Amino acid sequence: MKRHLNSTIPGKLSLFIALLAITFAVNSCTPNDPYRAEDAGKNIYYSTFAEPPTHLDPARAYSANEYRLLAQIYEPPVQYHYLKRPYELIPLSAAEVPAPKYYGKDGRELLGDATPQLVHRAVYDIKIKKGVFYQDHPAFAKDNSGRQLYRGITDNELKNIKIPRDFPEKATKELTSDDFIYQIQRLADPGLHCPILPILNKYILGLDDFSKALDKDLKNIRAARKKRIGSTYNQVADEKADPIILDYSRHALPGIEKIDDYTFRITLKRKYPQFIYWLAMPFFSPMPKEAITFYSQGPLKKKNITINRFPIGTGAFRMDNYEPQREITLVKNENFRGEPYPSIGEENDAAKGLLADAGKSMPFIERAVYKLEKEAIPRWNKFLQGYFDLSGIGSDSFDQAIKMGSAGGVNLSEELAEKDIKLITSIQPSTYYTGFNMLDDTVGGYTKEKQKLRQAISIIINFEEFIEIFANGRGMAAMGPIPEGIFGKLEGRAGMNTVTHRWDDKKNIAVRRSVEEAKKLLAEAGYPNGLDKDGRPLIITFDNAWTGASSSPMINWFIKRFKLIGIQLENRTTDYNRFQEKINKGNFQFFFLGWNADYPDPENFFFLLAGENAKVKTGGANGANYENPEFDRLFKIMENMESTPKRLEIINKMTRILQEDAPWVWGYSPLSFSLAQGWVGNIKPNSMANNTLKYMKVDTFKRAELRKKWNAPVLWPIAAAAVLLILVAIPAIIIIKKKASNGGRG
Amino acid sequence: MPVILATDIIIYLVFLVIIAGIVLARNGDGYLSQIWQHLKKNKLAMACMIILVLYGLVALGDSIRWRDKIEPAPNATVASSKTTIYSANAHSLLDRALSGLRAKDEKTFSAPLATKLFVKETLEITAADGTVKTVREHPPLKHPGSHLLGTDKVGGDVLMAALKGVRTGVVIGTGTTIIIIPFAILFGVFAGYFGGWVDDLIQYIYTTLSSIPGILLIVSFMLIFGSEGYQGGVIKESDLWFGLFVPSDRLFWLCVIMGITSWTDLCRLIRGETLKLRELEYVQAAKAFGVSNIKTILRHIIPNLMHLVLITFILQFSGLVLAEAVLSYIGIGVGPEMGSWGNMINTARMELSREPVVWWSLVGAFIFIFGLVLPANIFGDAIRDALDPKLRLGRK
Amino acid sequence: MFTYITRRLLYAIPILIGVNLLTTLLFFYVNTPDDMARTMLGEKNLTPEIVENWKKDHGYDKPLFINTKEDGLSKVTQTIFFQKSAPLLWLDFGSSDRNNVDIAEEIRGRMWASMAIAIPTFIIGIATFLTFSMLLAYARGTYLDIWGVTLCVVMMSVSALFYIIGGQFFFGKMLKLFPISGYDTGLHAAKFVILPVLIGVIGSIGGSVRFYRTVFLEELGKDYIRTARAKGLAERTVLFKHALKNAMIPILTNVVVSIPFLFYGSLIMESFFAIPGLGSFTIDAIGSQDFAIVRAMVYLGSLLYIAGLILTDISYTLADPRIRLE
């Protein structure tokens, strides 16, 4: 027993050391390498995702974290040019960028710049590329009689199958116009909840009726099933075991026509020049019917093998492994037709080495591994250790990464520059704003007093300071709803919001108006020193769903700013649902939101303030419930115009109205900074294109070398700790021995 | 005009109980004074007690609050100037005592006792020859050298934030147990004393409740009751009862649900003890003499359970204080305007990847939590030793 | 024994029904189906029809307990409770609200990662705690005991979050000994497991060692030990042979209850280390308000708790044959 006691601590220690030794042996000299040894030196691109994508079905997906995977796999008709600025659309699966033809009420063709009111039909003929093949997939496998092989599959057959790659038989298929038509029909499927269906219903001829007819079909099928099964009918369970596939061919959809195998036609009810941008989004990518018949099988659903997880596309990559709780892997699509790297770019792209691969066949990367990293700190640290190739910079890592130059330009800090890390900046087509509820008795309304109240608040919410503190200078304070880089955004003095800013002639910049001016406006609004005419303090409620810890400084900042002119800000943090409910019912005063543009056009921002989209009235996107007849009139005109000087004139008028009414405090448009390791090539920020993986290149030699250099383990503290432990153990052992010889009575 | 939050009542109650305890311990030679005699010999425990009392006083100071009167505006109508109008902020004694500290805010981070801001900004420096140069430098602080623990992201004093966290910590630690004690005693005694179907029913209730994972129960409960509760900051007239009482207080709901998830242990203990007590001779005798059940329970059972309650109260305290930090991590802690160490840790966590590291918020929160939990643990041990004669022997 | 277990299992049924009813009330009261639809669909271009459609497709368009629009048995079956909560009773976990993932399949896929962390933490933890606590109990009254207990109290006064944050920072970032976070399948998991296990054990060493020490001391204060000592048995023999054996009951009570939960994982630890287990599954579900998953996990938790209670009772009979389960 004595031996037992003595050996306890060293025993544990040796176990620990043995474990360490095993780790070192496995990883040669970088024990913190999170990847397998067999992957070392391979042409793999490593990145992260913070939140698992929810839908990879192109009819459903509508968020950035879904698009960055989806866009590598599915190919919509057109794409954004990787290098050229301003953004330009070029063909992807289409043979050419479709140009609309306009027809009047009498059926005669009109010129391209016809006024929207005259246009009765807008017709897009879309020609697709020939000889494009899908990735190999079990859905395309056929039996001898030419029927889909894996149809009517049973649980038993799926025993050893976890993902589609495990199926023994796979085949491919050529892309045809049917696949595009099928996908557009799917957008109207009531079971899929396509998020842009309400928008498309407004434009595509007959889509609304088609969707309603499908809805009826679905109801009928469900009613029939319920009748058959009786009281134990459980719709969700039933449709999981036996999914419903609606027959789209039963109903007419005049807006979509097949011309031939490689051409189809989309007809719009009115002129809508922005439609072409939708054709660059995954909603319009081709979907083979085989994919749906394959995936709509109960046993597969039960194993979570669904179209939401395993897309089937024609793109440069295909889904290899999908474990959203850990990692997602894409590999090169062996059937990819091979697209040449662009040979024209912006002026200095050649100097930056962005044209070195011009004309070479893409993609350059064999495999892309996306690791789940929810916490910002581990993500950043692993990037610094060289285990991720690309990283966004969290606000808190900013100072380590970036140094502002004396002229306001940005440079990398010496430490990172030494590591040969590259800085990529780009302007995001999005805006963050705080809005007032225009229906509210206190902050809403259109009288002069109410305008002044909102203007006063607009002045004191100093977004320049907000950007400094919370975004580390990565953003531009907004002057109106249109962010940087979008048509209609004016620079310099012309674009300044005269309500909140004044022009400093000496420095030639816009300067925010002073707190005194805000106080004056507030007094004129009927609240001198933040007290109403009875002397009651003015309290404004700030509703938000910021339950995360990192947002509490932001709330405190808002409270601090409001206090400057004597307004009491009452913070109401609730969960997201309660917050949404309040916005929907118009039961709030003040909120903070962001908007990410679907396409680079001012219409996609102004519609957030159009009366026809007022939240309470119509359930639309206008959360501020702003309704100004003059603004709405101008919006109707501007909405479907091409970007001409005349349009700019109207936009300026609309912006002036908004600035005066101040339904939003124009927040800021974020600037995205990200860092790329020195071994990643062909990187150019592009905030519209999502299918950027195919352009990227990785220098694996350099990566392996630098990783080794950066990750030499530090071992002496372990040795020191071991020594310390032994030093502590000696007196302990002495005490125990003494005790033992004492016979236990200490 | 005083304002009383639901959680303030907890603090007042704790102080009342402590004062009552002290009075009882000093006069008379009962149970409490025996413990006191025993404790007095333990110097370490006494030192810890003093620290705990200090924390308690800070919490008390932060629980006595009132709204100031606003002088009627000069242009006010006659009718309205008659009714007195109060400010929307109810500052506590602590707020008022430290108003200097609160007013001294900076723009953003600064290290403890620093004279310059932690981050660099683009500054314009006018050189001797009149030319204006822009440089990237640390701008000087508005109140250099006055922030003992530095400032946080929006320039608030960290020491102030940590002091505001004291009340939250103490409320969670004490309130949770205080709220559940009556229920635990009631259910525990009933189950143990009456047995039969009462016992079955009560056992059923607590087994069901304790079989639901606590954290999930807390989350869903807080989503229902907590989100509309008062979270600190501005007080609206509509929140108030009779102009002075705030019944729906997020922190209070947090105590309630933490209580619901932790009451079963105490309840089970009390039930077991009651089973034993029920069989004692004098209880049986009381029964035989026809003393009513309620009287028996009140006179003979409950007084003999109080040591269990006291031990549970003290032992649970530190665990509950620590739990608050974890709850904030999941996002169901108290609001950002009600200071809390959990929120501090959570925000500070994000700053660890800065270079150089922003360590002071984290260290500030660490010191304050540690400073409360460590004495609480030591003091709790001492009390338990004092109560448990068997262990007292074992110690020797 | 067999009848005992059957009876305990039968007792479990009303408890599980109670849990089920409680969670149904809790979740559908907090979160009306409309709320759920809105959260799941996101805020862009949302119309009331889309919300209705979503509810219908996910089976949330029905009343909670009684459907007056239906006849006969359908009055009860065509309800949210019957279709969403009741199937849990026969272990049908259904699909998640957000992306229709089969929850049972997901649980099967994730439990290994949870166990990869929890089981080593548990075993190494128990071994460490018992060793140290017996050491302290053996050396009671000496400096070793005093300093050991002090250290325990100090260690248990530190928030768990500090252990995790500090551990990642020190071992992962400064020393570069382990990957900071992440997970891999199979044997490749080893290097990811060490750090969380280490932190898990260190984090609970203070409280546990102190607890077990008290258990041992209590045992050592009992009469039979005094008799044994009086008989002249060596202290070692007294401690390891008699005290340990009799201390098994309180130790088992503490330990066995937590065995089924090994499968459930640790919420916070998994979340920090990006371990794809059931703990992070639950935390994510709370974050994204996917109540189908939360309901399933609550139910699973209660099931495991009850299993733990039964296991504890059985282990008593194994530890001490004198105990009979009637």
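Residues numbered from 1 in each chain as written. Chains lettered and ligands numbered in written order. Predicted model: local features only at pLDDT ≥ 70, side-chain atom pairs only at ≥ 80, totals over all residues. Heavy atoms only, no water.

Asker: Looking at this model, I keep getting lost on the interface of chain A and chain C. Mind explaining?
Answerer: Often the size quoted for an interface is simply the accessible area lost on bringing the parts together. Contacts between chain A and chain C engage 86 residues on the former and 78 residues on the latter. For the chain A and chain C pair, buried surface summed over both sides reaches about 7,100 Å², with 53% attributable to carbon and sulfur atoms. Along the contact surface separating chain A from chain C lie five salt bridges. One salt bridge in this structure joins glutamate 106 of chain C and arginine 309 of chain A, with 3.6 Å as the shortest N-O distance. (Contact = heavy atoms within 4.5 Å. Buried area = accessible area lost by both parts, 1.4 Å probe. Salt bridge = Lys/Arg side-chain N within 4 Å of Asp/Glu carboxyl O.)

Asker: Could you clarify how one ought to interpret the side chain of glutamate 484 of chain A in this entry?
Answerer: Residue and element names in this part refer to chain A. Positionally, glutamate 484 belongs in the loop between β19 (475-477) and β20 (501-504). Looking at glutamate 484, its side chain comes within polar contact range of the side chain of lysine 489, at 3.5 Å. Excluding anything up to four places from it in sequence, glutamate 484 contacts Ile427, Met476, Lys489, Glu491 and Ser669. (Helix = DSSP H or I, 4+ residues; strand = E, 2+ residues; numbered from the N terminus. Polar contact = N/O pair within 3.5 Å; in protein donor to acceptor, adjacent residues only side chain to side chain.)

Asker: Whenever I open this one, the confidence of the model for chain B confuses me. Can you help?
Answerer: Reading predicted coordinates in detail is not appropriate for stretches of low pLDDT. All names here are of chain B. With 92% of its residues at a pLDDT of 70 or more, chain B shows a mean pLDDT of 81. Helix α3 (residues 43-61) holds the highest mean pLDDT among the elements of chain B, 91, whereas helix α16 (residues 389-395) holds the lowest, 43. Long-range and interchain partners of residues 390-396, a stretch whose pLDDT sits below 50, account for eight contacts in this model, where long-range means more than four residues apart. (pLDDT = per-residue confidence, 0-100.)

Asker: Where do I start with a nonpolar patch on the surface in this structure?
Answerer: Residues and elements named next belong to chain C. Taken together, the side chains of Leu10, Ile13, Ile17, Leu21, Leu25, Phe65, Ile66, Val76, Leu89 and Trp90 make up a nonpolar region of the molecular surface, amounting to roughly 900 Å² of accessible area. Ranked by the residues each element gives to the nonpolar patch, the list is headed by helix α1 (residues 2-30), at five residues. Overall, valine 76 belongs to the partly exposed group, its relative accessible area being 41%. (Patch = residues over 30% accessible without salt bridge, like charges linked within 9 Å, V, L, I, M, F, W, Y side chains within 5 Å. Areas by Shrake-Rupley, 256 points an atom, 1.4 Å probe, with all protein chains shown as cover. Buried < 20%, exposed > 50% of the residue type's maximum accessible area, 1.4 Å probe, protein only.)

Asker: Explain the pattern of salt bridges to me, please; I cannot follow it from the model alone.
Answerer: A side chain of one charge can pair with a side chain of the opposite charge if their charged atoms are brought near each other. In this structure the tally under the stated criterion is 69 salt bridges over all chains. The partner of glutamate 642 of chain A in a salt bridge is lysine 271 of chain A, with the nearest N and O atoms 3.1 Å apart. Note that glutamate 642 of chain A is positioned in the loop between α20 (629-639) and α21 (645-661) and lysine 271 of chain A in the loop between β8 (263-268) and α7 (275-278), a separation of 371 residues in sequence. Lysine 276 of chain B is paired through a salt bridge with glutamate 273 of chain B; the nearest N and O atoms lie 3.7 Å apart. Placement of the pair is lysine 276 of chain B and glutamate 273 of chain B together in helix α10 (residues 250-278), with a separation of three residues, close to one helical turn. According to the relative accessible area criterion, lysine 276 of chain B is exposed, its value standing at 57%. Residues participating in the shared-partner salt-bridge network are Arg36, Glu38, Glu323, Arg326, Glu327 and Lys371 of chain A together with Asp184 of chain C.

Asker: Just checking my understanding: could you explain the packing of aromatic side chains for this structure?
Answerer: The geometry of two aromatic rings is summed up by the distance between their centres and the angle between their planes. Residue and element names in this part refer to chain B. According to the stated counting rule, one finds 64 aromatic pairs over all chains in the structure shown. Here the aromatic rings of tyrosine 206 and tryptophan 263 are separated by 6.4 Å at their centres, their planes lie at 90°, and the arrangement is edge-to-face. Separated by 57 residues along the polypeptide, tyrosine 206 in helix α8 (residues 196-211) and tryptophan 263 in helix α10 bring together distant segments of the chain. The exposure class assigned to tryptophan 263 is buried, which follows from its relative accessible area of 6%. (Phe/Tyr/Trp six-rings, centres within 6.5 Å; stacked < 30°, edge-to-face > 60°.)

Asker: Honestly, empty space enclosed by the protein in this entry has me stumped. Any pointers?
Answerer: In this approach a probe as big as a water molecule rolls over the atoms, and the regions it shows empty are the leftover space. Per the stated rule, a full pass over the model turns up 14 cavities of 30 Å³ or more. Of the voids in this model, the second largest cavity is the one considered here, and its volume is about 850 Å³. Lining of the second largest cavity is provided by 35 residues; of these, Gly191, Leu192, Pro243 and Lys301 of chain A together with Asn100 of chain C occupy positions nearest its centre. Looking at the lining of the second largest cavity, the elements that each hand over two or more residues are α3 (177-187), α5 (207-229), α6 (235-241) and α8 (289-295) of chain A together with α3 (48-57) of chain C. At three residues, α6 of chain A tops the list of elements feeding residues into the lining of the second largest cavity. By residue class, the composition of the lining of the second largest cavity is 14 nonpolar, 10 polar and 11 charged. (1 Å grid on protein atoms, 1.4 Å probe; cavity = no way out; pocket = protein on both sides within 12 Å on 5 of 7 lines; lining within 4 Å. Points joined across faces, edges and corners; volume = space filled by probe spheres on them. Nonpolar A, V, L, I, M, F, W, Y, C, P; charged D, E, K, R; others polar.)

Asker: Please explain the sheet that holds strand β1 (residues 2-5) of chain B as it appears in this structure.
Answerer: Paired through backbone hydrogen bonds, the strands of a sheet run either parallel or antiparallel to each other. Residues and elements named next belong to chain B. In spatial order, the strands read β3-β2-β1-β6; together these four strands make up an open sheet with mixed pairing. Of all the strands in the sheet, the pair left with one neighbour each is β3 (85-92) and β6 (245-246). Its contacts with the sheet place helix α1 (residues 6-26) against β1, β2 (65-70) and β6, and it is angled at close to 85° to β1. (Pairing = 2+ DSSP bridges. Axes fitted to C-alpha atoms, helices over the stretch in contact; angles between N-to-C directions.)

Asker: What am I meant to see in the confidence of the model for chain A here?
Answerer: Per-chain confidence: chain A averages 85 in pLDDT, with 92% of residues scoring 70 or above. Contacts for the low-pLDDT stretch residues 1-10 of chain A, under 50 throughout, to residues beyond four places or in other chains number 10 contacts.

Asker: Even after reading the chapter, I still don't get the state of the cysteines, so can you show me in this structure?
Answerer: Among covalent bonds in proteins, the disulfide is the one between the sulfur atoms of two cysteines. Scanning all chains against the criterion turns up zero disulfides over all chains. Here cysteine 48 of chain B is not cross-linked by a disulfide; its sulfur's nearest cysteine counterpart is in cysteine 152 of chain C, at 16 Å. (Disulfide = S-S within 2.5 Å.)

Asker: Where do I start with α20 of chain A in this structure?
Answerer: The α-helix advances 3.6 residues per turn, and as a result positions three or four apart in sequence lie on the same side. All names here are of chain A. Turning to α20, its buried residues number three or more, namely Phe631, Leu634, Phe635, Met638 and Glu639. For α20, the buried positions fall inside an angular range of 130° around the axis, keeping them on one side. Residues of α20 that are buried in the fold lie against α4 (197-203), α18 (603-606) and α21. (Arc of directions from axis to C-beta.)

Asker: Before we go on, may I ask you to explain the packing of helix α15 (residues 360-387) of chain B against helix α7 (residues 143-156) of chain C in this structure?
Answerer: At a minimum axis distance of 9 Å, the contact between α15 of chain B and α7 of chain C shows a crossing angle of 135°. By the criterion of interaxial angle, the relationship of α15 of chain B to α7 of chain C is oblique. Two packed elements cross with a definite hand, and for α15 of chain B against α7 of chain C that hand is right-handed. Mapping the contact onto sequence places Phe370, Val373, Leu374, Asn377, Ile378 and Asp381 of chain B in α15 of chain B and Val153, Val154 and Met156 of chain C in α7 of chain C. (Parallel < 35°, antiparallel > 145°, perpendicular 65-115°, else oblique. Left-handed = near helix turned anticlockwise from the far one by under 90°.)

Asker: So what exactly am I meant to see when it comes to the sheet that holds β8 of chain A here?
Answerer: Residues and elements named next belong to chain A. The five strands are arranged β5-β4-β6-β8-β7 in an open sheet whose pairing can be described as antiparallel. Edge positions in the sheet fall to β5 (109-110) and β7 (256-260), since each has one partner strand and no second. Across three bridges, strand β4 (residues 101-103) lies against strand β6 (residues 121-127) in antiparallel orientation. By the bridge assignment for β6, tyrosine 102 is matched with alanine 122.

Asker: In this structure, what is going on with the pairing of β3 of chain B? I would like to understand it.
Answerer: In summary, the side chains of a regular strand alternate between the two faces of the sheet. Residue and element names in this part refer to chain B. Of all eight residues that make up β3, six are buried, and the element is covered over most of its length. Where β2 and β3 come together, five bridges link them in antiparallel fashion. The residue bridging lysine 69 from the neighbouring strand is tyrosine 86, located in β3.

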